[in-house]
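# Commentary on secondary and tertiary structure
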Amino acid sequence: MKRVVIVGMGFGGIRTARELAGQGLEVTLVDRNNYHLFQPLLYQVATAGLEQESIAYPIRAMSRHWHGTRFHLAEVSAIDFAKRQVLTNSGAIEAPPGSSLPVPSSNWSATSWSRTIPN
Ligand SMILES: Cc1cc2nc3c(=O)[nH]c(=O)nc-3n(C[C@H](O)[C@H](O)[C@H](O)COP(=O)(O)OP(=O)(O)OC[C@H]3O[C@@H](n4cnc5c(N)ncnc54)[C@H](O)[C@@H]3O)c2cc1C
């Protein structure tokens, strides 16, 4: 089975995960927080118009019905293309044996992806 690792459960990660769920893939969701933060309403929390719980949604609860996905709470530090690993502060997420190399989007080169992600 092909494995997809989605780093970051912001708007982009959520949309991608929802599209890929149930497609016969093993999808690993990774985020350094266990919640999605709805940033457009941050100012309402800052001005005491909303409780912070109203704009933070637990990723595990959100992804419960996304078939084939599982959530991994970790901070990604780098992607090692040569070893086909996503390196995190709680270990490496590895590609299954025999699977093909992930294809970065056209805006990225394998070189830039293999650099350490800045803080
Ligand atoms: C105050 C404010 C108001 C806004 N209002 C609007 C608006 O009205 N309309 C609009 O369209 N947009 C708005 N935006 C912008 C919008 O929120 C962003 O464009 C959008 O959130 C970006 O989505 P994203 O998925 O790219 O990244 P993000 O939503 O930033 O998600 C990134 C995710 O990746 C995780 N992450 C980052 N680095 C790592 C790492 N190394 N390891 C593991 N996890 C990591 C983070 O924890 C986070 O969950 C607003 C933003 C702000 C701050």
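In the block above lies the structure referred to throughout.
The following paragraphs examine the structure supplied in this document. (Residues numbered from 1 in each chain as written. Predicted model: local features only at pLDDT ≥ 70, side-chain atom pairs only at ≥ 80, totals over all residues.)

Here we come to the overall build of the protein chain. Secondary structure summary: the protein chain contains four helices and eight strands in total. Ordering the α and β elements of the protein chain from the N terminus gives β-α-β-β-α-β-α-β-β-β-β-α. Looking at the 119 residues of the protein chain, the share that counts as buried comes to 13%. Considering only contacts within the protein chain whose residues lie at least 6 apart along the sequence, 50% involve residues at least 24 apart. (Helix = DSSP H or I, 4+ residues; strand = E, 2+ residues; numbered from the N terminus. Buried ≥ 20, exposed ≤ 12 C-beta atoms within 10 Å, placed from the backbone. Contact = placed C-beta atoms within 7 Å.)

To continue, consider the sheet that holds strand β1 (residues 3-7). As summarised here, the arrangement of the three strands in space is β1-β2-β5, forming an open sheet in which the pairing is parallel. Sheet topology places β1 and β5 (69-73) at the edges, where each strand pairs with a single neighbour. Within the sheet, the average angular offset between the axes of one strand and its neighbour, ignoring direction, is 25°. Where β1 lies against strand β2 (residues 26-31), five bridges are found, and the strand directions are parallel. Across the sheet, V4 pairs through a bridge with V27, a residue of β2. (Pairing = 2+ DSSP bridges. Axes fitted to C-alpha atoms, helices over the stretch in contact; angles between N-to-C directions.)

What follows covers the nonpolar core. Counting residues in each nonpolar core, the largest one holds 12 residues, listed as I6, V7, M9, A17, L20, V27, L29, V30, I59, F71, I79 and V86. Breaking this core down by element, the ones donating at least two residues are β1, α1 (11-20) and β2. A total of three residues in this core trace back to one element, the largest contributor, which is β2. Ignoring sequence-local partners within four residues, the contact set of V27 consists of V4, I6, A17, L20, A21, G68 and T69. (Core = buried A, V, L, I, M, F, W, Y, C linked by C-beta atoms within 7 Å.)

Around the ligand, the structure places 18 residues, and the nearest of them are G8, G10, G12, Q39 and P40. Looking at the shell around the ligand, the elements that each hand over two or more residues are α1, β2 and α2 (42-46). When residues of the shell around the ligand are assigned to their parent elements, the largest contribution, three residues, is made by α1. Here the residues of the shell around the ligand sort into nine nonpolar, six polar and three charged. (Near = placed C-beta within 6 Å. Nonpolar A, V, L, I, M, F, W, Y, C, P; charged D, E, K, R; others polar.)

Across the sheet, three strands lie side by side as β6-β7-β8; this open sheet has antiparallel pairing. The strands lining the two open edges of the sheet, one partner per strand, are β6 (76-80) and β8 (91-94). In this sheet, adjacent strand axes meet at a mean angle of 20° when their direction is disregarded.

Before going further, it helps to examine the pairing of β8. Note that strand β7 (residues 85-88) and β8 share four bridges and pair antiparallel. Each residue of the ladder has a partner; that of Q85, found in β8, is E94. Hairpin connection, β7 to β8: the antiparallel pair is bridged by two residues.

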